[in-house]
Amino acid sequence: MKNKVQAFFLVMGGLVIAAGVVYGQLKKGYYSPAELGSLRQPAPVELLSDSSYQAAAYPVPVVDLTPGDGRQEVQIYCNTCHSPRYITMQPPLPAATWEAEVNKMNKTFGAGIPEDSTRKIILYLEAHYTVENRKQ
Amino acid sequence: MNMTERCLSRRGLLKIVGVTSSGMAIGRWLGPHVTMAQEPAHGKGMESFTGPGANSHWNSVGPYVTEPQKVPLILLTDRPVQLETPRHYFRTAFTPNEAFYVRWHLEAIPNAVDLKTWKLQIEGNVSKALALSLPELMQKFKPVSLAAVNQCSGNSRSRLQPRVPGGQWGNGAMGNAMWTGVRLRELLDMAGVKKGSVLVQFQGLETGPGPEGLGSNLFLKSLDLGNPVLDECVVAYLMNGEPLPMLNGFPVRLVVPGYFATYWTKCLTWIRILDVTDENFWMKTGYRVPDTPRGNTTPEEVKAGKVKTVPIERLPVRSFLISPDGSSKIPAGMNVTLRGIAFSGFGRVNRVEVSDDGGINWMTAKLGEDHGAYSFRTWEASWTAKSPGRYSLAVRATDEKNNTQPDEPVWNPGGYLWNRIARQEIVVGDAS
């Protein structure tokens, strides 16, 4: 447990430093939680006449992933590079296609998902997002 | 005040007038000319996904979302951001910036750019590497303006059968704008491309958390130095006369007229001359189409490993009916105006035809103003349905190279190059 906590802080610290070093002058990829179906208009952002041109944070509404084994792994690993909306946006896909997609994330994109979690993610997608079983 | 203006639900109305069963009674009470709808239609949402059949809607089915500097657009994904433009924004030749679709590949996209430090860099195999500020781009070079369609390679991907994974776009991953900026050629000439160079590579400000060297880390695109399209490319700092929205590539974006948007690098910051081929994922693996007519193939051929691919390039000819959109009935005998747009990456659209019998008989539409070979061209036609019923309106365009939209579907594993004739069902009601 202690090792895990230390590793977590090491990784997080490394990420923060790396982000700070690489693009000090840019504020990148800033997202904030949001609700869908809201009729409220976003408030206008305050603009200053300096040289920084800024947009508000990009909203990230909660994604309704079907409950089931493997959902947690999806939320942890898939979320590293993209929100799980990349899953719910898809049409129902054949089981083999889901397997190929997850393998592509590891092999082509270097996601580095541990083997047991990879298996769990594939089984989760195959259990809820194919023609035979997709409900939401 | 007319009862119908009071926004009462039918159930509420029933309560008030104390009638419990007779709709007829209410109809009579309201008078002969107006009746309440059977059930209020609001509250019922679009389905949350389509498939395994083709998406039958013009747009994709996601919810609306309001992103920074944008009007509500259709959400495909939120991180990275992919947004589709709703159909009605295509009534005009130029798509408003705030409604222009959005497609990013990697998670870390800019929220802010500091123009004090930002520079456009031209580097690599050049005589003199350059780093130009935005004021330098605006003042040192003669501005050029050009209308050009920016269309996502995967636009209409949700039409394919069988469905393929990827952004499930309807038809709204496209837009047309008047782009103003600097000719790419002038920048290349100023830096001096050295002998033996083969490619020009483009990199913007987006980055991903993936390992260095992989497609999940950087989004890189390149064009052959011998490609004549380089003479037409513009590094644009204005979009429809305004600064680009951050989500569309502020401060500058590459415009590659006639080519799919994958080459139109957003937040363009590095222009790199290479003397080797580009082996990065986004050129070698991604955004490739079968080297066949229309990029067409089959799942079986792909499985058999028989398909040779090439990088995607120009936009095949397309056209759309924008209004009427099928959401309302049209009374029989009413003369209505059909409106839409057409474009081609191969040359000016010079003919648009419409059909009201699903594509058997065609009549020629009137073309709108010509904003240049790479722009949307609006069209309109007048139409009267004499009798009630369901009509299948179809539209097809032809460009000056005599490319006409085909009526056959296309399939490839990337879900690219869809340009089949589009149809819209219109219900004509009894007017008497």
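Residues numbered from 1 in each chain as written. Chains lettered and ligands numbered in written order. Predicted model: local features only at pLDDT ≥ 70, side-chain atom pairs only at ≥ 80, totals over all residues. Heavy atoms only, no water.

J.: How would you explain the overall build of chain B if you had to name every residue and give the values?
T.: Across its full length, chain B holds 6 helices and 25 strands. Expressed as lengths along the three principal axes of its C-alpha atoms, the size of chain B is roughly 85 × 45 × 45 Å. By residue count, 54% of the 432 residues in chain B fall in the buried class. Of the contacts made within chain B by residues no fewer than 6 positions apart, 70% connect residues no fewer than 24 positions apart. (Helix = DSSP H or I, 4+ residues; strand = E, 2+ residues; numbered from the N terminus. Buried < 20%, exposed > 50% of the residue type's maximum accessible area, 1.4 Å probe, protein only. Contact = heavy atoms within 4.5 Å.)

J.: So what's going on with empty space enclosed by the protein? Which residues, and what values?
T.: All names here are of chain B. All chains considered together, the criterion is met by 4 cavities of 30 Å³ or more. Approximately 140 Å³ is the volume found for the largest cavity. Lining the largest cavity are 17 residues, with Tyr101, Arg103, Arg253, Ala261 and Lys266 positioned closest to its centre. (1 Å grid on protein atoms, 1.4 Å probe; cavity = no way out; pocket = protein on both sides within 12 Å on 5 of 7 lines; lining within 4 Å. Points joined across faces, edges and corners; volume = space filled by probe spheres on them.)

J.: With reference to specific residues and values, describe the packing of aromatic side chains.
T.: On inspection of all chains with the given rule, the structure shows 20 aromatic pairs over all chains. Look at tryptophan 179 of chain B and tryptophan 264 of chain B: their rings are 5.5 Å apart centre to centre, the planes differ by 70°, and that puts the pair in the edge-to-face class. With tryptophan 179 of chain B in strand 9 (residues 174–183) and tryptophan 264 of chain B in the loop between strand 13 (253–255) and strand 14 (270–274), the pair connects residues that are 85 residues apart, well separated along the chain. Assigned by exposure class, tryptophan 179 of chain B and tryptophan 264 of chain B land together as buried. Between the aromatic rings of tyrosine 287 of chain B and tyrosine 416 of chain B, the centroid separation amounts to 5.6 Å while the plane-to-plane angle is 20°, which identifies the pairing as stacked. Of this pair, tyrosine 287 of chain B sits in the loop between helix 5 (281–284) and strand 15 (288–290) while tyrosine 416 of chain B sits in the loop between strand 24 (389–399) and strand 25 (422–429), and the two are 129 residues apart along the sequence. Residue classification places tyrosine 287 of chain B among the buried residues on the basis of a relative accessible area of 7%. On the accessibility criterion, tyrosine 416 of chain B (9% relative accessible area) is buried. Its guanidinium or amino end placed over the ring of phenylalanine 49 of chain B, arginine 134 of chain A lies 3.8 Å from that ring's centre, counting from NZ or CZ. Between arginine 396 of chain B and the ring centre of tryptophan 362 of chain B, over which it is positioned, the NZ or CZ distance is 4.1 Å. (Phe/Tyr/Trp six-rings, centres within 6.5 Å; stacked < 30°, edge-to-face > 60°. Lys NZ or Arg CZ within 6 Å of the ring centre and 35° of its normal.)

J.: Which residues make up the sheet that holds strand 23 (residues 377–384) of chain B, and what values go with them?
T.: Spatially, 17-19-23-22 (chain B) is the arrangement adopted by the 4 strands of the open sheet, whose pairing is antiparallel. A single partner strand is all that each edge strand has here, and the edge strands are strand 17 (318–323) and strand 22 (366–367) of chain B. (Pairing = 2+ DSSP bridges.)

J.: I'd like a rundown of helix 4 (residues 95–107) of chain A, residues and numbers included.
T.: Residues spaced three or four apart along an α-helix face the same direction, because each turn holds 3.6 residues. Residue and element names in this part refer to chain A. Between its first and last C-alpha atoms helix 4 spans 18 Å; for 13 residues at 1.5 Å apiece the expected length is 18 Å, and the two agree. Those residues of helix 4 that sit buried are Trp98, Glu101 and Val102. Burial along helix 4 is one-sided: seen end-on, the buried residues are contained in an arc of 90°. Among the exposed residues of helix 4, those pointing more than 90 degrees away from its buried face are Ala96 and Lys107. (Expected span 1.5 Å × (residues − 1). Arc of directions from axis to C-beta.)

J.: Which residues make up the nonpolar core, and what are the values?
T.: Residues and elements named next belong to chain B. Counting residues in hydrophobic clusters, the biggest one holds 94 residues, and the most contacted among them are Trp179, Leu187 and Ile271. Ranked by residue count, the leading element in this core is strand 12 (residues 234–239), at 5 residues. Here this core spans two domains, and each of domain 1 (1–38 + 55–286) and domain 2 (318–429) adds at least three residues to it. With sequence-adjacent residues up to four places away left out, leucine 187 is seen in contact with Leu120, Ile122, Leu130, Leu132, Leu137, Phe141, Val182, Val235 and Ile271. (Core = buried A, V, L, I, M, F, W, Y, C linked by side-chain atoms within 4.5 Å. Domains from an automatic or database assignment.)

J.: Go over the interface of chain A and chain B, please, and point to the residues and values.
T.: When the parts come together, some accessible area is lost, and that loss is often what is quoted as the size of the interface. In this complex, chain A contributes 44 residues to the contact, which on the side of chain B involves 53 residues. Buried area between chain A and chain B, both sides added, is near 4000 Å², and the carbon and sulfur share of it is 63%. At the surface where chain A touches chain B, the tally comes to 1 salt bridge. Ionic pairing is found between aspartate 78 of chain B and arginine 85 of chain A, a salt bridge with its closest N-O pair at 2.7 Å. (Buried area = accessible area lost by both parts, 1.4 Å probe. Salt bridge = Lys/Arg side-chain N within 4 Å of Asp/Glu carboxyl O.)

J.: Which residues make up the domain arrangement of chain B, and what are the values?
T.: Residues and elements named next belong to chain B. According to the domain assignment, chain B contains domain 1 (1–38 + 55–286) and domain 2 (318–429). One C-alpha centre belongs to domain 1, the other to domain 2; they are set 23 Å apart. Contact with domain 1, which involves 31 residues of that partner, is made by 25 residues of domain 2. Taken together, the links from domain 1 to domain 2 amount to 0 salt bridges. For the pair domain 1 and domain 2, the number of links is 11 residue pairs in polar contact (both at pLDDT 80 or more). Mapped by element, the contributors of at least two residues to the side of domain 1 that touches domain 2 are strand 8 (144–151) and strand 9. Ranked by residue count, the leading element in the side of domain 1 that touches domain 2 is strand 8, at 4 residues. In terms of residue class, the side of domain 1 that touches domain 2 is built from 13 nonpolar, 13 polar and 5 charged. (Polar contact = N/O pair within 3.5 Å; in protein donor to acceptor, adjacent residues only side chain to side chain. Nonpolar A, V, L, I, M, F, W, Y, C, P; charged D, E, K, R; others polar.)

J.: If you had to explain the pairing of strand 8 of chain B to someone new, which residues and values would you point to?
T.: Residues and elements named next belong to chain B. Of all 8 residues making up strand 8, 6 are buried, and the element is well covered by its neighbours. Where strand 8 lies against strand 9, 8 bridges are found, and the strand directions are antiparallel. Pairing of leucine 146 across the sheet is with tryptophan 179, part of strand 9.

J.: Would you mind going over the pattern of salt bridges in detail, with residue names and values included?
T.: Summed over the entire model, instances satisfying the criterion amount to 16 salt bridges over all chains. The shortest N-O distance in the salt bridge between glutamate 101 of chain A and lysine 104 of chain A comes to 3.6 Å. One end of the pair is glutamate 101 of chain A and the other is lysine 104 of chain A, both in helix 4 and 3 residues apart, which spans about a single turn. Assessed through its relative accessible area of 31%, lysine 104 of chain A is described here as partly exposed. A salt bridge links arginine 351 of chain B to glutamate 353 of chain B; the nearest nitrogen and oxygen atoms lie 3.7 Å apart. Residue classification places arginine 351 of chain B among the partly exposed positions, given a relative accessible area of 34%. Judged by relative accessible area, glutamate 353 of chain B falls into the buried class, the value being 11%.

J.: Quick one: what's the story with helix 4 (residues 184–191) of chain B, residue by residue and with numbers?
T.: Those residues of helix 4 of chain B that fall on the buried side of the exposure criterion are Leu184, Leu187, Leu188 and Ala191 of chain B. Buried positions in helix 4 of chain B, seen along its axis, are confined to an arc of 95° and lie on one side of it.

J.: Before we move on, can you summarise the sheet that holds strand 14 of chain B with the specific residues and values?
T.: All names here are of chain B. The strand order 7-6-14-10-11 describes an open sheet built from 5 strands, whose pairing is mixed. A strand with exactly one partner marks an edge of an open sheet, and here the two such strands are strand 7 (130–132) and strand 11 (218–224). Strand-to-strand twist of the sheet, defined as the mean angle between neighbouring strand axes without regard to direction, takes the value 20°. In this structure, strand 6 (residues 120–124) lies alongside strand 14, joined through 4 bridges in parallel fashion. From the neighbouring strand, isoleucine 122 faces strand 14, where its bridge partner is isoleucine 271. (Axes fitted to C-alpha atoms, helices over the stretch in contact; angles between N-to-C directions.)

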